[in-house]
Structure formats: structure tokens, C-alpha cells
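Notes for the structure review
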Amino acid sequence: MLKTFLNDELPLALVWLIFGLIAGLVYSLEILGLDGSQTLFSPERARSLHISLMLYGFFPLLLSLLPFALFEKEGVLSVNAIAHLRRYFVVWNLFLLFMSMALLFGNMRGLPFYDFPYQLNFLLAFSGLFYLLALIDALRHYEKRPLWVNVSLITVVSAPIVLVILMNPQYGQVEQTLVGPHGDNTLGMSFALLPLYYLLVKLVSKEPFAPRWHILWIVPLSGYIISLYIRNFIHPLTYNEEWFFQYLTLLYLPLLWRWWHDGALKFEYNPYLFFSIIAFVFVDIEGNILFIPQIRELIHRNDLVVGHAHIAMGIAVAFMALTIVHRSLPALMTRTFATLWTTLIALMALSLSVAGMVETGWIHTDAQLFFGGRSLFGFLLILIVFQVLWHRIKPQHITLIEGYHWIGFLSDTGGGLILLLAGGWIFPVMGWHFSGTYEYVIFAFMIGTGIVHWTGLHGDAERLAALSATIRSLVASVFAALYMAGALDTIAVLVAFYDGVYAMIYWLYVRGRE
């Protein structure tokens, strides 16, 4: 069941991943001198969108399926639970859409990681309701619930409340840790990954897995609780106190080694989990080195040494999610993809780190060369993700009506996205007036028409083709009328011609041929 669910939901999830990567690529090109001021991809918006989609898009969405992958392994996953998961995905995808549009149109909070409007957290929390219903449905099939199941239930119930509190602009923990090294926050975020690693080892292990060496996570957890109490009720943490809490993360390393061996895991069968753990270990050690005051003063005096964050999110967390996909769809998420992804992210992180060292004066060369390398590796990363998406959606045999839908989908959705993001630059170049208001509604309508064609590729092909042709005919007539009335310039003629001709192709040639 979960395999079918993943197969259905993966294309849209990959679209969010590609969109986030493209935003990162645009930001890297803007560092090289690309002027994005006339588009929605200004440097601040591109960077914010890139980070937000990495944190809230493809990877966390698929990682949330981890308990249900375990439910399926233990034989307690039902069709009803999958139905709730589909609703959960619908609401989360709506959140990603609203978040992306808010950031593209400049509605940002100025935060490094949670930049979207605070109100959208309530939509995110609402999606958790359906996740909880799916979880409860699976729990009903247990006679005696395991400990990990009870922990998952408590987490899901408390997460929406914690989310709304921590993200609050007035009293949230996020607002209190913007300044300073916040080693205690790093300790807490790192600890949040440990239960996920435990569940992933349990999921992919072919033998019964019983974790050991609990003291290695109890001590850091206790340290995190103490740090929160000191920060919120006694005094702001000193640098040495933050340093102490940061170094508690080193206890996670032998714990992960113990779990890997107790689970009898091997690289050839679990490449994604292997790369994830290696990246976590690297980031943990690197982060503690960067916390040394003398090194931190040199390297972290700018925002350009971000290899640490790219390795953490781009491999450690990303491959947690891909471990689940690899288990269900191994033909899609291959070991080759894992190796290529890891190599490109590592090269990207290396390029950025060297560029930062150039800016600090450690290395004397041209930093732009390494920024260019980052852009190149990011572009190659987008290409391999596109390849995975195409492998998932490519048709085996295209009929006449399917070809009609494919062309309509690619032209309207692709053209609409390009105009939405860069219409403010394209229109003046073509000599057309651009007000920056109603045009965006038209671009969104184009994307919507393209999605009608996409839906037609998956059922009711004739009916949806007729619907799209009707919409196009109506739009063509209105744009032609506005042009003849002098209300719009030549862009109206192009829209009327394209939509009118494409609709006519269906009415005169495609309709009823199959």
C-alpha cells in the first residue's frame, strides 16, 4: 500500500524539490552578478525560498512517512490510514504553495530558517490532524503498543502546539536564538534526529533490532533541557555555556555506530542510510571544530561558509527521507543516484567553504571561481533530480489525446511558471506594459490550465481535453475583444492566437479520434 501511495505522491514532491533547488541556483547566480531585481527571484526572496523549501518541502514530507513504513512492516497499516495520509499530503502541499507564493511576493519575516508568515504555521498544524488520524488508525491494530509507537503518538499530538509556540514572533524560541552561536539549539536539533535514525535502523534491519548504550542520548537530552531552563529563566547563555552544550553532540557518534552494527546493516543494501549517518558524523565533528572561538572568528564572520548546512540538510536529513523511498521504490532511488547526489552536494559545500576562506583572507585567489563551481554543481544536481522525475512520469506509449495533453501541460504550466517568476523582466524586454498586478493572476490561470491537461493524462482524457479547449476558447475571445477595444497591447493578440488555435486543434482534429 505504501509503495502505491509513494508512487502517486512522488511527482509533486519532486516538483517542490526541483523548485527549491532552482531557487538556490538563482541565488548562486545572483552572487555571480545576475540581476534578479525585475523578477520575483530577488536575492533575498530566492535565498528564503530555497531554504524554506529544503526545510519544509520534499524531505520532511517524505520523512514523515517513517512510522507508516514501520506499520506496514509490522502488518498494521490499513487502507483507511492511507486515505488519511493522502489528506495530510493535500494540506501540506497547500501549505507549501501558500508559503512559496508568500516568499516570492516578498512576505518574509527576516528569519534565517522560518521566514514565511507566522500565520501559515496554523495550516501546517492543521495537516497534522490528518496525520494523527492516520496514526490512530494504525494504532488500533496493536494489542500491545511498542514503546516507539507511544513516543510517535506523543510527538504527533504535541508537535502542532510546540510549532505554534516556538514560531511565535513575540515569545518563540526561534526569535531568542537568532543572535550568537546558539550551541544549545544545535544540541536540540541534533537530538531530534536520533529517534529518526533509530526508527530507520529498525525499518531497514532484517533482524530484530534492540538499541543499546542509552546513556549516550540521555546525557545530551538532559543537557538540552537544562540549557532551555537557563536561557529562558535565568540568564542568556554565555559563550562557554553554549560551547559545553554543543560538545555534548559528540556523544551521538558512538551511539550511531552501535546502532548500525546492532542492526547488521550494510552499505550495498542501505546506501542512503549509510550516507546519511556519515554526513551526520561529519557535520557533528565539523560543527564542534567551528565552535572553537579562534576558528569561528575567522570563518563565521560572513554568511558564505555554508558547507556545514548543505551537508547537514542536503545529505544527512535528505537521505533519511530517501531511505524510505529507496526501500519502497528501489528501481527509482538507485545507489548510483545516491552516489551522484552525495558527490555533488559535497563539491558544492567544498566550493562554498573555500570561497568563504578566500573572503576571510585564508586563501588568496578569486572567490567568484568557487561561487561559479557551486552554481555548476547545483545545476547538475537539478538535472539528476529531473531525470528521476522523468523516469517516474514518462509515458510508455503516447496516444493522440495524450500528446495533446502533454503539449498543453508543458506549454501552459512551463510558460506560466516562467512568466510568473520573470514576467516583470520579460514583458518590458518585449516592449509590453507590465503593471505587476493582474498579470500574475493570468500567469496563475495559465498554470491552472496546464494542470487540467496533467489531470487529463491520468483519467477522463476526452472530458478534460474538452474542458481545457472550452476554457481556451473563452479566454481567446476575451483577449481578442480587449485588444480590439484598445485595452491591451499585442500580448493579448498572442494569447488569443495561441489559445484559440490550440482549442481549435482539439475541436477539429483530436476530438473523438480514440
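Look up a bit, the structure's there.
Residues numbered from 1 in each chain as written. Predicted model: local features only at pLDDT ≥ 70, side-chain atom pairs only at ≥ 80, totals over all residues. Heavy atoms only, no water.

Describing the packing of helix α18 (residues 400–430) against helix α21 (residues 490–510)
Interhelical geometry of α18 versus α21 gives an angle of 170° and a closest axis separation of 12 Å. Considered as vectors, α18 and α21 are oriented roughly antiparallel to each other. Residue-level contacts link Leu400, Ile401, Tyr404, Ile407, Gly408, Ser411, Asp412 and Phe427 of α18 to Ile491, Tyr498, Tyr502, Ala503, Ile505, Tyr506, Tyr509 and Val510 of α21. By residue class, the composition of the contact of α18 with α21 is 13 nonpolar, two polar and one charged. (Axes fitted to C-alpha atoms, helices over the stretch in contact; angles between N-to-C directions. Helix = DSSP H or I, 4+ residues; strand = E, 2+ residues; numbered from the N terminus. Parallel < 35°, antiparallel > 145°, perpendicular 65-115°, else oblique. Contact = heavy atoms within 4.5 Å. Nonpolar A, V, L, I, M, F, W, Y, C, P; charged D, E, K, R; others polar.)

Description of the packing of aromatic side chains
Enumeration over the complete set of coordinates arrives at 44 aromatic pairs. With a centroid separation of 5.8 Å and 20° between ring planes, the pair formed by tyrosine 498 and tyrosine 502 is classed as stacked. Of this pair, tyrosine 498 and tyrosine 502 both sit in helix α21, four residues apart, which is roughly one turn of the helix. Residue classification places tyrosine 498 among the partly exposed positions, given a relative accessible area of 32%. Feature note: the residues Phe58, Phe59, Trp260, Phe267, Tyr272, Phe274, Phe275, Phe319, Phe337 and Trp341 constitute an aromatic cluster, connected by ring pairs. The lysine or arginine in question, lysine 206, covers the ring of tyrosine 269, its NZ or CZ lying 4.8 Å from the ring centre. Over the ring of tryptophan 213 we find arginine 258, and its NZ or CZ is 5.2 Å from the ring centre. (Phe/Tyr/Trp six-rings, centres within 6.5 Å; stacked < 30°, edge-to-face > 60°. Buried < 20%, exposed > 50% of the residue type's maximum accessible area, 1.4 Å probe, protein only. Lys NZ or Arg CZ within 6 Å of the ring centre and 35° of its normal.)

Examining the nonpolar core
Grouped together as the largest cluster of nonpolar side chains are 136 residues, with contacts concentrated most on Phe59, Phe71, Tyr197 and Trp341. With 14 residues, helix α1 (residues 2–31) is the largest single contributor of residues to this core. Excluding its chain neighbours within four sequence positions, the residues that come into contact with tyrosine 197 are Leu256, Trp259, Leu273, Ser276, Ile277, Phe280, Ala316 and Met320. Ranked by size, the runner-up nonpolar core spans eight residues in total, among them Ile401, Ala465, Ala469 and Ala503. (Core = buried A, V, L, I, M, F, W, Y, C linked by side-chain atoms within 4.5 Å.)

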